[in-house]
Amino acid sequence: MWYHKPAINEELLQSLPNLKVVASSGVGIDHLDLKLLSSYGVKVSNTPFVVSTDTADMGMALMLASSRRLVEGYEMAVSPDTEYFSADWLGVEVTGATLGIVGMGTIGYKVAERAKAFEMKILYYNRNQRKKEEESAVGAVYCKKIDDLLQQSDFVLLAVNLTPQTHKLIGKSELELMKPTATLINISRGLVVDQDALVEALQNKVIRAAALDVTYPEPLPRDHPLLKMKNVIITPHIGSATKKTRWTMMEEMVESIEAGLAGLPVPREVV
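As the structure is a prediction and not an experimental result, all values here were calculated from the model.

### Quick look at the pairing of strand S8 (residues 209-212)
Now for step 1: Of the two faces of S8, both are covered, the one formed by Ala209 and Ala211 as well as the one formed by Ala210 and Leu212.
Now for step 2: Bridge count for strand S7 (residues 183-186) against S8 is four bridges, and the pairing is parallel. By the bridge assignment, Leu184 is partnered in S8 with Ala210.
Now for step 3: Two strands pair when backbone bridges link them, and S8 and strand S9 (residues 232-234) are joined in this way by three bridges, in the parallel orientation. Along S9, the bridge assignment pairs Ala211 with Ile233.

Next up, the structure:
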């Protein structure tokens, strides 16, 4: 499966009685009905670890681009109407700012490693607290409640899996807890954020900006208000989109398929 296609439903499974394994690219499995697949004796694999480095890089890229208003700056620099550069056209600092990471798994931790180099104060919210030595290595402070992280962070970065528990995890009340100068960065799944609430928060200056590699749907309808906002950066779900990583993802998928067809343990099997 690539980009969640083809859709694996009961009709497809009934039409493929010899199906043994579904190899899905990337880390997310929210598009798969694992119970249904298991009932047909079909094994599932994904490629969870290979995407982590590139996705963490993407998170930092979005933070930097949004804070320094790179997209707006580019448009100004190349516009045929630009006669001078305004002296009061300003961004906000990343170095020394507070970064709140929601979801401190492999990707979230790699973001923290990068943020440490920017001398950021790092807060994180996770189902489980990291080991003390892991926290110390990046200078991260655990927040037992997501509210505490939201209230203190200059940048809130989402790096969680999409589950029933994280569906619209960030809604109107959570956005209102954030600083009016804060930026929301989403490199996880679009449905982790209540998109209507985000539009309202941006329009009413409840938060300063958003930088999104994911939305729902993808792509957004061409008349969607997020596409018209100067304080929003949207990229086309390219967190893992480098040549090396995509090649490795394909190799891992082939490895899982070959193992499944041979009746061997499936590498990176999702249970």
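Next comes the rest of the write-up.
### Focus on the sheet that holds S8
Now for step 1: The strand order across the open sheet formed by seven strands is S5-S4-S3-S6-S7-S8-S9, and the pairing between neighbours is parallel. The open sheet terminates on both sides in strands that have one partner only, identified here as strand S5 (140-142) and S9. Sheet twist, expressed as the average angle between the axes of neighbouring strands with direction ignored, equals 15 degrees.
Now for step 2: Strands strand S3 (98-102), strand S4 (121-125) and strand S6 (155-158) of the sheet are contacted by helix H5 (residues 106-117), whose axis makes an angle of about 170 degrees with S3.

### Comments concerning the pattern of salt bridges
Now for step 1: Per the stated rule, a full pass over the model turns up eleven salt bridges.
Now for step 2: For Lys230, the salt bridge goes to Glu75, with nearest N and O atoms at 3.3 Å. Of the two residues, Lys230 sits in the loop between S8 and S9 while Glu75 sits in helix H4 (residues 70-78), which places them 155 residues apart along the sequence.
Now for step 3: Overall, Lys230 belongs to the exposed group, its relative accessible area being 59%.
Now for step 4: We classify Glu75 as partly exposed; its relative accessible area is 37%.
Now for step 5: Taking the shortest distance from any N to any O, the salt bridge between Glu255 and Arg268 comes out at 3.1 Å. In this pair, Glu255 is assigned in helix H10 (residues 243-261) and Arg268 in the segment after H10, connecting sequence segments 13 residues apart.
Now for step 6: Because the salt bridges share partners, they merge into one network encompassing Lys172, Glu176 and Glu200.

Criteria and thresholds
Residues numbered from 1 in each chain as written. Predicted model: local features only at pLDDT ≥ 70, side-chain atom pairs only at ≥ 80, totals over all residues. Heavy atoms only, no water. Buried < 20%, exposed > 50% of the residue type's maximum accessible area, 1.4 Å probe, protein only. Helix = DSSP H or I, 4+ residues; strand = E, 2+ residues; numbered from the N terminus. Pairing = 2+ DSSP bridges. Axes fitted to C-alpha atoms, helices over the stretch in contact; angles between N-to-C directions. Contact = heavy atoms within 4.5 Å. Salt bridge = Lys/Arg side-chain N within 4 Å of Asp/Glu carboxyl O.

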